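Here's the letter readout for the chains.
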Amino acid sequence: MDPYTPAPRSRWRRGVYAAGLVIPFTASQLWALLVLLRLAPLDGLVGQAFVLVLLGSIVAIWAGWRWAWRLGRNRDGWPEPAPKTRIPT
C-alpha cells in the first residue's frame, strides 16, 4: 500500500449533507401548505394568493432537491480537484 496515495473522495457525503438541509425545508413547506389549505377559505383573493404560495413552494422545493442532487452527483459546475502530483523519491 502506497502511503502517498490520497484517500478516495466520497461524493455521497455532500449529497447527504445537502439532503439534511433540504428534507426539513421540504417538510416545513408541506406542513405550511397543509395548514393554509385546512384553515383558509379558498374563495376570492385568498384562493389566488394560495395558488401563488403553492407555486412558489413547488419551485422552492424543486430547486432545493435539484441542488442536493447536483451536489451529490458532482456534475457540471462542480469540478473534481486535480490529482496531486507525487514527487519522485
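Residues numbered from 1 in each chain as written. Predicted model: local features only at pLDDT ≥ 70, side-chain atom pairs only at ≥ 80, totals over all residues. Heavy atoms only, no water.

> Can you break down the overall build of the protein chain residue by residue, with the values?
Counting its regular elements, the protein chain contains 2 helices and 0 strands. Each of the 89 residues in the protein chain was classed as buried or not, and the buried ones make up 17%. Long-range contacts, defined as pairs at least 24 residues apart, comprise 67% of the intrachain contacts of the protein chain with a sequence gap of at least 6. Counting every atom, the protein chain has about 7600 Å² of accessible surface; 69% of that belongs to carbon and sulfur. (Helix = DSSP H or I, 4+ residues; strand = E, 2+ residues; numbered from the N terminus. Buried < 20%, exposed > 50% of the residue type's maximum accessible area, 1.4 Å probe, protein only. Contact = heavy atoms within 4.5 Å. Areas by Shrake-Rupley, 256 points an atom, 1.4 Å probe, with all protein chains shown as cover.)

> Let's hear about the UniProt feature "transmembrane region" (unreviewed entry) in the protein chain: which residues, and what values?
The UniProt record annotates "transmembrane region" (unreviewed entry) at residues 16-39 and 45-65. What you have in residues 16-39 is 100% helix and 0% strand, and the ends, taken at the C-alpha atoms, are 35 Å apart. Between the end C-alpha atoms of residues 45-65 the distance is 30 Å, and the span holds 100% helix and 0% strand. (UniProt positions renumbered as here; feature names shortened; annotations may be inferred.)

> If you had to explain a nonpolar patch on the surface to someone new, which residues and values would you point to?
Residues Leu 34, Leu 37, Leu 42 and Val 46 make up a contiguous nonpolar surface patch of about 360 Å² in total accessible area. Here Leu 34 shows up in helix H1 (residues 12-39). (Patch = residues over 30% accessible without salt bridge, like charges linked within 9 Å, V, L, I, M, F, W, Y side chains within 5 Å. Salt bridge = Lys/Arg side-chain N within 4 Å of Asp/Glu carboxyl O.)

> How would you summarise the side chain of Gln 29 if you had to cite specific residues and measurements?
Its location among the elements puts Gln 29 in helix H1. Among the polar contacts listed, one links the side chain of Gln 29 to the side chain of Ser 57, at a separation of 2.6 Å. Setting aside residues up to four positions removed in sequence, Gln 29 forms contacts with Ser 57 and Ile 61. (Polar contact = N/O pair within 3.5 Å; in protein donor to acceptor, adjacent residues only side chain to side chain.)

> Residues and numbers for the side chain of Ser 57, please.
Here Ser 57 shows up in helix H2 (residues 45-73). Judged by relative accessible area, which is 6%, Ser 57 ranks as buried. Once residues lying within four places of it in the same chain are set aside, the contact partners of Ser 57 are Gln 29 and Leu 33.

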